[in-house]
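Each chain is listed here by its residues.
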Amino acid sequence: RKSIPQKYNLKPAAELNVKLECVLKIIFKQKDFIAFCVKTTLIASIPAVALAFAAHFILSSIFPGAEWLYPKHTETNVYIDILGAVILGPTILIKLLSFIRIYESRNFRVCILAGIIFGVFHGLFGVVWFFGPCWLFMVFSYNYLIWEVRDFKLAFWAACIPHMLHNGFALSINAITN
């Protein structure tokens, strides 16, 4: 194991990560990093899509015709969408997650805080977009925390790659359905 920089107070977090690692070994029998990223993308994306659909049906029945529930559809260049949603967005948000980690040492709080903060950020585009990303970022931050103990440099990518895969999948579905 590589050591974690001393600027982080991770003793309680490291103990919890050992327990999380045991759970991970049960769920993910492979230690392969790419397989981990693909599996956690599925674990994050399936409930996130379900939450988004549930929010859509519930909120649209309560507020029929409310335009503020959904992001405004704009015609943009597909390359700009890919650059923003698949490359820059995940990179910036996961970097921000590492800053949350500096100020909060409790893993559970980091996951909840990241989910709420980044859910609110996505919800600014449309209220329905709060719910899916909230769950997604709880899972992405969990990935970050698990890999932070194993390999500090891979922690960033353990959260960023599933985010990129999810956004790429979401853009593809959006392109097909529009």
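Structure first, text after, so check above.
Attention here is on the structure that accompanies the text. Keep in mind that this is a model prediction, so the values were computed, not measured.

### Structural notes on the nonpolar core
In terms of nonpolar packing, the biggest core is built from 28 residues, with Ile 94, Leu 97, Phe 118, Phe 140 and Trp 147 touching the most fellow members. Breaking this core down by element, the ones donating at least two residues are helix 2 (33-62), helix 3 (78-103), helix 4 (107-123), helix 5 (131-150) and helix 6 (152-177). The element best represented in this core is helix 5, accounting for eight residues. Residues contacting Ile 94, with those up to four places away along its chain left out, are Phe 137, Phe 140, Phe 156, Ala 159, Cys 160 and His 163. The next biggest cluster of nonpolar side chains, apart from the first, holds five residues, and it includes Ala 55, Leu 59, Ala 66 and Leu 69.

### Some thoughts on the pattern of salt bridges
On inspection of all chains with the given rule, the structure shows one salt bridge. Close ionic contact of Glu 148 with Arg 101 constitutes a salt bridge, the shortest N to O distance being 3.0 Å. Here Arg 101 lies in helix 3 and Glu 148 lies in helix 5, a separation of 47 residues in the sequence. For Glu 148, a relative accessible area of 1% puts it in the buried group. The class for Arg 101 is buried, based on a relative accessible area of 2%.

### Quick notes on the packing of helix 2 against helix 6
For any two helices packed against each other, the geometry is given by the interaxial angle and the distance between the axes. As a packed pair, helix 2 and helix 6 sit with axes 9 Å apart at the nearest point and diverge in direction by 50°. As summarised for this structure, helix 2 and helix 6 are arranged oblique, according to the angle between their axes. Considering the relative orientation of helix 2 and helix 6, their crossing is right-handed. Two secondary-structure elements touch here, helix 2 through Phe 33, Phe 36, Cys 37, Val 38, Thr 40, Thr 41 and Ser 45 and helix 6 through Leu 154, Trp 157, Ala 158, Ile 161, Pro 162, Leu 165 and His 166. Among the residues making up the contact of helix 2 with helix 6, the classes are represented as ten nonpolar, four polar and no charged.

### Quick notes on the packing of helix 3 against helix 4
Orientation of helix 3 relative to helix 4, taken along the N-to-C sense of each, is 140°, at an axis distance of 10 Å. In terms of their interaxial angle, helix 3 and helix 4 are classed as oblique. Seen from above, helix 3 lies across helix 4 with right-handed handedness. Contacts between helix 3 and helix 4 pair Leu 93, Leu 96, Leu 97, Ile 100 and Arg 101 from the former with Asn 107, Val 110, Leu 113, Ala 114, Ile 117, Phe 118, Phe 121 and His 122 from the latter.

### A closer look at the environment of His 56
If you trace the backbone, His 56 turns up in helix 2. You can call His 56 partly exposed: its relative accessible area is 26%. For His 56, the residues in contact, after removing those within four places along its chain, are Tyr 70 and Val 128.

### Focus: the packing of aromatic side chains
Overall, the coordinates contain nine aromatic pairs when judged by the stated rule. Plain terms: the ring middles of Phe 33 and Trp 147 are 4.9 Å apart, the flat faces sit at 90° to each other, and that makes the pair edge-to-face. A residue pair is termed long-range when its members are at least 10 positions apart, and Phe 33 in helix 2 and Trp 147 in helix 5 qualify at 114 residues. Here Phe 33 matches Trp 147 in class, with each residue buried. Here the aromatic rings of Phe 118 and Phe 137 are separated by 4.7 Å at their centres, their planes lie at 50°, and the arrangement is tilted. One end of the pair, Phe 118, is in helix 4; the other, Phe 137, is in helix 5, with 19 residues separating them in the sequence. In terms of burial, Phe 118 and Phe 137 fall into one category: buried. Three or more aromatic residues link up through ring pairs in this structure, and these residues are Phe 33, Phe 36 and Trp 147.

Here is what the cut-offs are and how they apply
Along each chain, numbering runs from 1 in the same order as the chain's sequence is written. Reporting of local features is limited, given that this is a predicted model, to residues whose pLDDT is at least 70; pairs of side-chain atoms are given and counted only at 80 or more, and all residues count toward the totals for whole chains, interfaces and linings. Excluding hydrogens and water, the side-chain values take into account all heavy atoms of the structure. Definition used in this section: a nonpolar core is a set of buried Ala, Val, Leu, Ile, Met, Phe, Trp, Tyr and Cys residues joined via side-chain atoms within 4.5 Å. Buried, partly exposed and exposed residues are distinguished by accessible area as a fraction of the type maximum, computed with a 1.4 Å probe on protein chains only: under 20%, between the cut-offs, and over 50%, respectively. Each helix is a run of DSSP H or I of at least 4 residues and each strand a run of E of at least 2, with the numbering of both proceeding from the N terminus. Between two residues, a contact is recorded if the distance between any of their heavy atoms is within 4.5 Å. Counted as salt bridges are all cases of a side-chain nitrogen of Lys or Arg within 4 Å of a carboxyl oxygen of Asp or Glu. Angles here are taken between N-to-C directions and fall from 0 to 180 degrees, while the axes themselves are lines fitted to C-alpha atoms, restricted in helices to the stretch in contact. Roughly parallel refers to an angle under 35 degrees, roughly antiparallel to one over 145, roughly perpendicular to one between 65 and 115, and oblique to any angle outside these ranges. If you view the pair so one helix is near and one far, a crossing is left-handed when the near helix is turned anticlockwise from the far one by less than a right angle, and right-handed when it is turned clockwise. Residues are grouped as follows: nonpolar covers Ala, Val, Leu, Ile, Met, Phe, Trp, Tyr, Cys and Pro; charged covers Asp, Glu, Lys and Arg; every other residue, Gly included, is treated as polar. Put simply, two rings from Phe, Tyr or Trp (the six-membered ring, in Trp's case) pair if the centres are within 6.5 Å, and we call them stacked under 30 degrees between planes, edge-to-face over 60, tilted for the rest.

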